Amino acid sequence: MRYFMPKAYSFCAFVVFGFLSLVSCFAWSYDFNFKSEEIPTVVVTGSRILQPLQDVLAPMTVITREDIEKYQINSVQSALSRVPGVAISNSGGLGKVTSVFLRGTESDHALVLIDGIKIGTPSVRGVALQHLSIATIERIEVLRGPASSLYGSEALGGVINIVTRNKNTPSHSSLELATGSDDTTQTTLRHQSNFGTSQFYANVHTLYTDGFNACRGNPNSGCFTVEPDQDGYQTTAVNSGASFYGHDGSEFSMQWYQSRSTTEFDGSFQNEEENLQRVISAYALLPVNHQQYWTVNAGHSWEEADNFANAVFAGRFNSERDSFSVLHHWQRGVQQHGRPASRVSLGFDYQKDQVDSITEYDVDERSNRAIFMQYQGRGDLYQLQASVRRDEDGQFGDFETASLRWGYDLLPVLQLILGAGTAFKTPNFDDLYFPGFSNPNLKPEQSESYEIGLKTTNLTYQWSVQMFKTRISDLIVFDFSTNRPENISQAHVLGFEGAFSGQWKQWDFNAVLSVLDPENRSQGSNFGQSLTRRVERTFGLDLSRRFNRTRFISRIFAQSDRQDDGRRLGGFVTLDLGVEYEATPNLRFSLEGKNITDKDYQTALDYNQPDATVLARVRYSTN
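Residues take numbers from 1 onward in each chain, read along the sequence in its written order. Given that the model is predicted, a residue must reach a pLDDT of at least 70 before its local features are reported, and side-chain atom pairs must reach 80 or more before they are shown or counted; all residues, however, enter totals for whole chains, interfaces and linings. Computation of side-chain values covers all heavy atoms of the structure but excludes hydrogens and water.

### A word on the overall build of the chain
- In this description a helix means any DSSP run of H or I spanning at least four residues, a strand means any run of E spanning at least two, and both kinds are numbered starting from the N terminus. In terms of regular secondary structure, the chain is built from 5 helices and 33 strands.
- Projecting the C-alpha coordinates of the chain onto the three principal axes gives extents of approximately 65 × 55 × 50 Å.
- Exposure categories follow from relative accessible area, calculated using a 1.4 Å probe and restricted to protein chains: below 20% of the type maximum is buried, above 50% is exposed, and the middle band is partly exposed. Within the chain, the proportion of its 623 residues that are buried is 57%.
- Contacts are residue-level and defined by heavy atoms, with any inter-residue pair within 4.5 Å sufficient. At a minimum sequence separation of 6, the contacts of the chain that also span at least 24 residues come to 61%.
- Values of accessible area rely on a 1.4 Å probe in the Shrake-Rupley scheme; residue burial ignores everything except the protein chains shown. When the accessible surface of the chain is totalled, it reaches about 26700 Å², and 56% of it is carbon and sulfur.
- His residues and chain termini do not enter the charge count, which takes Lys and Arg as positive and Asp and Glu as negative. Charge positions are represented by NZ for Lys, CZ for Arg, CG for Asp and CD for Glu. Looking at the chain, you have 55 positive and 71 negative side-chain charges, and the mean spots of the two groups are 7 Å apart.

In structure tokens:
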């Protein structure tokens, strides 16, 4: 394994060549039309500035509400599995612990935002994505690669920005009902009212399922117990808000998101959790003139988790996060398509984390202040994005990070992109102070990444490929021999990502391919071992076709094996099929079949995944 690098590069080069050849064949054989008259998708995550997706130099995937409904995506983890470079680990179905590994980094290396506000608990690794309702989401923007120079800690692997349903559409109401396997029932109610330049909206989603036996039962691994029962889940999610638009281009908005959940699971110490997640945010855009404007974003997020063992109270973990950001943007000049020749952003971020638990922590709060600057330039054939940031962490001191990306138009619709960046992640309170399973001597994780990619722009179809390498110093991993987290000196991730989507004849399609080589590079017996729960090869293909009023959907998803707790979990292939019938412009019926071949597989050691399931759904909307 010591000489894996040349082999890995050769393999990735072969994959890139094959992928590009396939794309070229499609482009040569079929007539794809330009999208120049279509309204471009606008995103904010790539630069913290509103810009067309095609102008974003960082690798980014956007999953829209249209995608969610077209491909019958029924959970946040299912949506994220359609992103190149993403691997999901789930511990037993809906509502169970779900981890996201972005580009082979750790599960807490992906910063998660809801409407631009950082969420998550400073006491544990990662965000409880399993409790976020897909029914309340308008779109998900996933930025892949280091983003600490814009966002600070936690963005070592990338950023996941979840935008709740607040689309600026005409006033309307809708009702959705669903029922299916495992006594699953769902209800979604949505209403939006517009009054002149003001908009008010609210969404309510409920889900209940009896579930299945989450853990296969092993006293020595996994859940460390044997509980052959059904592990149910129920949740109610609500998001609401208001937006106000001024005639001078100003904008003010307020959002509120909440999910309240109860989940049963298998465990030797606890087997039930009541969870509350809540996010309140406010946003303002204040123009100075046609070249300058301010943005202000403030929010408060908190999570409350009460744990039980056979209905007896066993623990409480509450956390809160306050955040505030102010940015000043200005631009000058005009290049092609009316876009500014250059943009400069100056920003200040403040964040305070607190944890409250019946378990005593040596330190239970910390704060962070940061300043950053970003430059974006554009010429006739090139784009440039550079950013630098300085964080002052109240516990671990100062961190400086930087990022540089350069894009060059090889053809009018083909762009070459080179990028490099540094990032960091501070340890969480559990890793530092949880009694019996912590290490107060942990050091912050730091990384440097390099990448090269190609992407198309302006076409009815889109494809992109990237090759990247990330070196992580002082990566925090859990050492089962000592039962506590430890820093390992070095880890390397070499990877390739490919995405291809669009329309061919009457078919809509979306294909993703990921190849990773995630290795422990520290000296010792673990040198060359694969990092825990990282998947080395992933392929997904979504197809959708409409025949008059009927739409047919299919999905093939395949992953190779992965390592977990010293054992290899086998690879798998699943097949989903679905159909939707539009009875009237306002009334739709659908039938969704997931894992219809009844594949038995695991994404976390000893934890079950759903067998073949079906879900029948009816939607009614007034618009």
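### Brief notes about the sheet that holds strand E7 (residues 117-118)
- Strands sit in the order E3-E8-E9-E6-E7 across an open sheet of 5 strands; the sheet is mixed. Edge positions in the open sheet fall to strand E3 (60-64) and E7, since each of these has one partner strand only.
- Strand pairing is defined by DSSP finding a minimum of two bridges between the two strands. Bridging between E3 and strand E8 (residues 137-144) involves 5 bridges; their strand directions are antiparallel. The residue of E8 that forms the bridge with Met-60 is Leu-143.

### Regarding the pairing of strand E22 (residues 414-425)
- Relative to E22, strand E21 (residues 397-411) runs antiparallel, the two sharing 8 bridges. Within E22, the position partnered with Tyr-408 by the bridge is Leu-416.
- Between the end of E21 and the start of E22, which pair antiparallel, lie 2 residues.
- In this sheet, strand E23 (residues 445-456) lies alongside E22 in antiparallel orientation, the contact comprising 12 bridges. Across the sheet, residue Leu-416 finds its bridge partner in E23, namely Leu-454.

### Some words on the environment of Val-279
- Considering the arrangement of structural elements, one finds Val-279 in strand E15 (residues 272-287).
- On the basis of relative accessible area, Val-279 is assigned to the buried category, the value being 5%.
- The spacing of Val-279 and Asp-393 is 114 residues in sequence and 23 Å in space, taken between C-alpha atoms.
- With near-sequence residues (within four places) excluded, Val-279 lies in contact with Ile-114, Ile-117, Ile-119, Gln-255, Trp-256, Tyr-257, His-300 and Ser-301.

### So, the nonpolar core
- Residue types Ala, Val, Leu, Ile, Met, Phe, Trp, Tyr and Cys, when buried and joined through side-chain atoms within 4.5 Å, form a set referred to as a nonpolar core. Leu-80, Leu-129, Leu-132, Ile-140, Ile-160 and Ile-162 are the most contacted members of the largest nonpolar core, which has 30 residues in total.
- Mapped onto this core, the elements with two or more residues apiece are helix H3 (76-80), strand E4 (86-90), strand E5 (98-102), strand E6 (110-114), E8 and strand E9 (158-164).
- For Leu-80, the contacting residues outside a window of four places in its chain are Ile-63, Val-86, Ile-88, Val-100, Leu-129, Ile-140, Val-142 and Ile-160.
- Formed by 15 residues, the second largest nonpolar core is a distinct cluster that contains Val-43, Ala-58, Ala-147 and Tyr-151.

### A closer look at the state of the cysteines
- Disulfides are defined as pairs of cysteine sulfur atoms found within 2.5 Å of each other. Counted by the stated rule, this structure contains 1 disulfide.
- Residue Cys-215 pairs covalently with Cys-223 via a disulfide, S to S 2.1 Å. The sign of the -85 degrees torsion about the S-S bond sets the Cys-215-Cys-223 disulfide as left-handed. Neither Cys-215 nor Cys-223 differs from the other in exposure class; each is buried.

### Here's the deal with the side chain of Arg-617
- Following the sequence through the fold, Arg-617 ends up in strand E33 (residues 613-621).
- For the purposes of these results, a polar contact is taken to be a pair of N or O atoms within 3.5 Å, where, inside protein, one atom must be able to donate a hydrogen and its partner to accept one; residues adjacent in sequence count only when each atom of the pair is a side-chain atom. Reaching out from Arg-617, the side chain makes a polar contact with the side chain of Glu-592 at a distance of 2.9 Å.
- Among all residues touching Arg-617, those that are not within four sequence positions of it are Glu-176, Leu-177, Ala-178, Gln-186, Arg-588, Phe-589, Ser-590 and Glu-592.

### Let's talk about the packing of aromatic side chains
- Centre distance within 6.5 Å is the pairing criterion for rings of Phe, Tyr and Trp, where only the six-membered ring of Trp is used; planes under 30 degrees apart are then read as stacked, over 60 as edge-to-face, and the remainder as tilted. The final tally for this structure, using the stated rule, is 13 aromatic pairs.
- Here the aromatic cluster, defined as three or more aromatic residues joined through ring pairs, consists of Phe-195, Phe-200 and Phe-244.
- Any Lys NZ or Arg CZ found within 6 Å of a ring centre and within 35 degrees of that ring's normal is scored as a charge over the ring. Residue placement shows Arg-366 over the ring face of Phe-429; its charged tip is 4.8 Å from the ring centre.

### Observations regarding the pairing of strand E28 (residues 550-559)
- The element E28 is extensively covered by neighbouring structure, given that 7 of its 10 residues are classed as buried.
- As defined by bridge partners, strand E27 (residues 537-547) adjoins E28 across 10 bridges and the pair is classed as antiparallel. Looking at the pairing, Thr-538 lines up with Gln-559 of E28.
- Here E27 folds back onto E28, and the loop between the two strands holds 2 residues, one of which, Asn-548, carries a positive phi near 55 degrees.
- Pairing of E28 with strand E31 (residues 572-584), which is carried by 10 bridges, proceeds in the antiparallel orientation. The partner of Ile-553 across the bridge, within E31, is Gly-578.

### Description of a negative patch on the surface
- On the surface, Glu-304, Glu-320, Asp-356, Glu-360 and Asp-364 cluster together into a negatively charged patch.
- Inspection of the secondary structure puts Glu-320 in strand E17 (residues 312-334). Like-charged residues within 9 Å of one another, or nonpolar side chains (Val, Leu, Ile, Met, Phe, Trp, Tyr) within 5 Å, are grouped into patches, provided each residue has over 30% relative accessible area and no salt bridge. Salt bridges are identified by distance alone: a Lys or Arg side-chain nitrogen within 4 Å of an Asp or Glu carboxyl oxygen.

### Overview of unusual backbone geometry
- Phi at Asn-310 takes a positive value of approximately 50 degrees, unusual for a residue other than glycine.
- Considering the arrangement of structural elements, one finds Asn-310 in the loop between strand E16 (292-309) and E17.
- The phi torsion at Ala-311 lies on the positive side, around 75 degrees, for a residue other than glycine.
- A relative accessible area of 63% means that Ala-311 is categorised as exposed.

### Regarding the pattern of salt bridges
- Scanning the model with the defined rule gives 38 salt bridges in all.
- The shortest N-O distance in the salt bridge between Arg-378 and Asp-55 comes to 3.3 Å. In this pair, Arg-378 is assigned in strand E19 (residues 365-378) and Asp-55 in the loop between strand E2 (51-52) and E3, connecting sequence segments 323 residues apart. For the residue pair Arg-378 and Asp-55, the accessibility class agrees, reading buried in each case.
- Where salt bridges share partners, they join Glu-176, Arg-546, Glu-580, Glu-582, Arg-588, Glu-592, Arg-617 and Arg-619 into one cluster.

### Let's talk about the environment of Ile-134
- Examined against the element boundaries, Ile-134 turns out to sit in the loop between E7 and E8.
- Judged by relative accessible area, which is 9%, Ile-134 ranks as buried.
- Taking the C-alpha atoms as reference points, Ile-134 and Thr-164, 30 residues apart in sequence, are found 9.1 Å from one another.
- Ignoring sequence-local partners within four residues, the contact set of Ile-134 consists of Arg-65, Ile-68, Ile-73, Asn-74, Ser-75, Val-76, Ala-79 and Ile-140.

### What to know about a nonpolar patch on the surface
- The grouping of Leu-381, Tyr-382, Trp-406, Tyr-408, Leu-410, Leu-411, Leu-418 and Ile-452 at the surface amounts to a nonpolar patch, some 700 Å² of accessible area in total.
- Looking at the nonpolar patch, the element that brings in the most residues is E21, giving 4 residues.
- Residue class for Leu-381 comes out partly exposed when judged on its relative accessible area of 42%.

### Overview of the side chain of Ser-259
- Along the chain, Ser-259 falls in strand E14 (residues 251-264).
- Owing to a relative accessible area of 0%, Ser-259 belongs among the buried residues under this scheme.

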